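# Summary of the model geometry
Each chain, letter by letter, is given below.
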Amino acid sequence: MSTTLFISVLIPTLAVMLAGAFAALWWFRPSNLHVALLAFCYLALAAGFTFQATTLGLPDAFARFFSNLLLFVAVFLLCTALLIRGGRPVPTRALMACCAAAMVAFCWFLWVQPSFVARVTIVAWGIAGMLALAAMRLRRSKRRAAIDNLILLVIGLGAVYFVARPFLVIWFEAGGTATPDMTSSYWLLTYLTTFAYSLLIALTLLTAVALDVIRELQAESQTDPLSGLLNRRGFDLHAAALMLECEALKRPLVLVLADLDHFKKVNDRYGHDTGDRVIVSFARRLTSVGPAGLIAGRRGGEEFAVLLPLTNLQAGVLYAEAVRTAGPADWASGLKVTASFGVVERQAGETLEHMIGRADAALYQAKRDGRDRVRSGGKPVGGLRMFAG
């Protein structure tokens, strides 16, 4: 097998393999639309380079047309996938306008006024513009982990490469109007650099997708599927980190334990669907009235825990009262379900287990005092002895 044939087959083969890898990751997590787009991106890239290398029986000019059209489709899908992953709006019209303008100009210099240099310049700068547009949007993304910065760098390098690519034609004297032979130095360098860049961005994206899946699985393992709050394990892990931060910065921290009153009777009388709606409604209530940075979890059944940073005991009691006196627990039926609360402020060097023990004592004091009330540190809160009804 000649070197030229080997290189011309290498990129489509690699692209198909990468498309399969992204397709497998998407099959594992079907909700990740951007991963499916990456699979189609590399399929389009494989088809485009196949047309360029073999023409597939089409006239040469038509093979070039479809090859470059598929290349633009691949770049469009790549930019769209990256922006969706980064949580940025996709400038679909701008990207499509860039593709359309470049392809119209490409056709002109393919059939009307043939010029190889002009075609290379139009295609390369059209792709560079699309990559630059995606990079500018990604710079404003809230996701700026190390892998996100690496993706941004790789996209930027791609834009620079495609801006410089037309100058390779002049450097290697590829000619003004005639297409250079596939065995020329120009085509050899083009294929090798395209192969290197495709592999670089694919490995970067595969790493990013794999890290995304790991983060999603970690989040799922720490999240209660019904309430959307942290589960017991997730709450303990997040609480440990927050407590270390508050201790280092000497900031106050309050723990609130909440338990729905007579919740078993709700399930027995109204059914588990209503009970589930009560859980969901109460969880939303816990996170809607607290300060920024609170950590809320469902520790099991009808028991909930909330950590309030930068909050003292009085503010913690006011938070619990705001949750307690909110509207119906199930808006669909107007069902009012009460809850009891235990509130404690962290003492110097106190562990989470000790805080939970004190808050639990305060919670059971609220239960013994008649439920539907807030208790602090195991003692009644002065001025807040509020009874149901």
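Residues numbered from 1 in each chain as written. Predicted model: local features only at pLDDT ≥ 70, side-chain atom pairs only at ≥ 80, totals over all residues. Heavy atoms only, no water.

### Structural notes on empty space enclosed by the protein
Empty space left among the atoms is revealed by rolling a probe the size of a water molecule over them. Under the defined criterion, the tally for this structure stands at two cavities of 30 Å³ or more. Approximately 90 Å³ is the volume attributed to the largest cavity. Forming the boundary of the largest cavity are Leu82, Arg85, Gly86, Leu138, Ser141, Arg143, Arg144, Asp148, Ile151 and Leu152. Elements that contribute at least two residues to the lining of the largest cavity include exactly α3 (60-85) and α6 (146-171). Around the second largest cavity sit His34, Leu38, Ala81, Leu82, Arg85, Leu205, Ala208 and Val209, which together line it. Among the secondary structure elements, those contributing two or more residues to the lining of the second largest cavity are α2 (33-54), α3 and α7 (185-221). Residue classes in the lining of the second largest cavity are distributed as six nonpolar, one polar and one charged. (1 Å grid on protein atoms, 1.4 Å probe; cavity = no way out; pocket = protein on both sides within 12 Å on 5 of 7 lines; lining within 4 Å. Points joined across faces, edges and corners; volume = space filled by probe spheres on them. Helix = DSSP H or I, 4+ residues; strand = E, 2+ residues; numbered from the N terminus. Nonpolar A, V, L, I, M, F, W, Y, C, P; charged D, E, K, R; others polar.)

### A short note on helix α4 (residues 92-112)
Between the first and last C-alpha of α4 there are 29 Å, a value that for 21 residues agrees with the 30 Å anticipated at 1.5 Å per step. The complete set of buried residues in α4 reads Leu95, Cys99, Ala102, Met103, Phe106, Cys107 and Leu110. One side of α4 carries all its buried residues, which in axial view fall inside an arc of 140°. Set apart from the buried face of α4 by more than 90 degrees, the exposed residues are Arg93 and Val104. If you follow the buried residues of α4, they end up packed against α3 and α5 (116-139). (Expected span 1.5 Å × (residues − 1). Buried < 20%, exposed > 50% of the residue type's maximum accessible area, 1.4 Å probe, protein only. Arc of directions from axis to C-beta. Contact = heavy atoms within 4.5 Å.)

### Notes on the UniProt feature "transmembrane region" (unreviewed entry) in the chain
On the UniProt side, "transmembrane region" (unreviewed entry) is annotated at positions that read residues 6-28, 35-53, 65-84, 93-111, 117-138, 150-172 and 184-211 here. In residues 65-84, the share of helix is 100% and the share of strand is 0%. The end C-alpha atoms are 29 Å apart. (UniProt positions renumbered as here; feature names shortened; annotations may be inferred.)

### Some details on the packing of α4 against α5
Between α4 and α5, whose axes approach to 9 Å, the crossing angle comes to 175°. The orientation of α4 relative to α5 falls into the category roughly antiparallel. On α5, the residues touching Ala94, Leu95, Cys98, Cys99, Ala102, Ala105, Phe106, Phe109 and Leu110 of α4 are Ala118, Arg119, Ile122, Val123, Gly126, Met130 and Leu133. Grouping the amino acids of the contact of α4 with α5 by side-chain chemistry returns 14 nonpolar, one polar and one charged. (Axes fitted to C-alpha atoms, helices over the stretch in contact; angles between N-to-C directions. Parallel < 35°, antiparallel > 145°, perpendicular 65-115°, else oblique.)

### Structural notes on the pairing of strand β1 (residues 253-260)
Burial analysis of β1 places eight of its eight residues in the buried class, which makes it a mostly covered element. Burial along β1 is two-sided: the residues Leu253, Leu255, Leu257 and Asp259 and Val254, Val256, Ala258 and Leu260 are all buried. The pairing of β1 with strand β3 (residues 303-309) spans seven bridges and is classified as antiparallel. Residue pairing across strands places Ala258 opposite Phe304, the latter belonging to β3. (Pairing = 2+ DSSP bridges.)

### Some remarks on a nonpolar patch on the surface
The grouping of Leu58, Phe62, Phe66, Leu69, Val73, Trp108, Trp111 and Val112 at the surface amounts to a nonpolar patch, some 690 Å² of accessible area in total. Elements with a minimum of two residues in the nonpolar patch: α3 and α4. Take the nonpolar patch: its biggest share by element is four residues, from α3. One can find Phe66 in helix α3. (Patch = residues over 30% accessible without salt bridge, like charges linked within 9 Å, V, L, I, M, F, W, Y side chains within 5 Å. Areas by Shrake-Rupley, 256 points an atom, 1.4 Å probe, with all protein chains shown as cover. Salt bridge = Lys/Arg side-chain N within 4 Å of Asp/Glu carboxyl O.)

### Some points on the side chain of Asn267
Counting through the fold element by element, Asn267 comes out in helix α9 (residues 263-270). Once you skip the residues sitting within four places of it in the chain, Asn267 turns out to touch His272 and Gly275.

### Here's the deal with the side chain of Thr311
Topologically, Thr311 is positioned in the loop between β3 and α11 (313-324). A polar atom in the side chain of Thr311 sits 2.9 Å from the backbone oxygen of Pro309. Not counting chain neighbours up to four residues away, the residues in contact with Thr311 comprise Pro252, Leu253, Val254, Pro291 and Gly316. (Polar contact = N/O pair within 3.5 Å; in protein donor to acceptor, adjacent residues only side chain to side chain.)

### Notes on the environment of Val209
With respect to the secondary-structure elements, Val209 resides in helix α7. Taking C-alpha positions, Val209 is 7.4 Å from Val35, a pair spaced 174 residues apart along the chain. Ignoring sequence-local partners within four residues, the contact set of Val209 consists of Phe22, Leu25, Val35 and Leu38.

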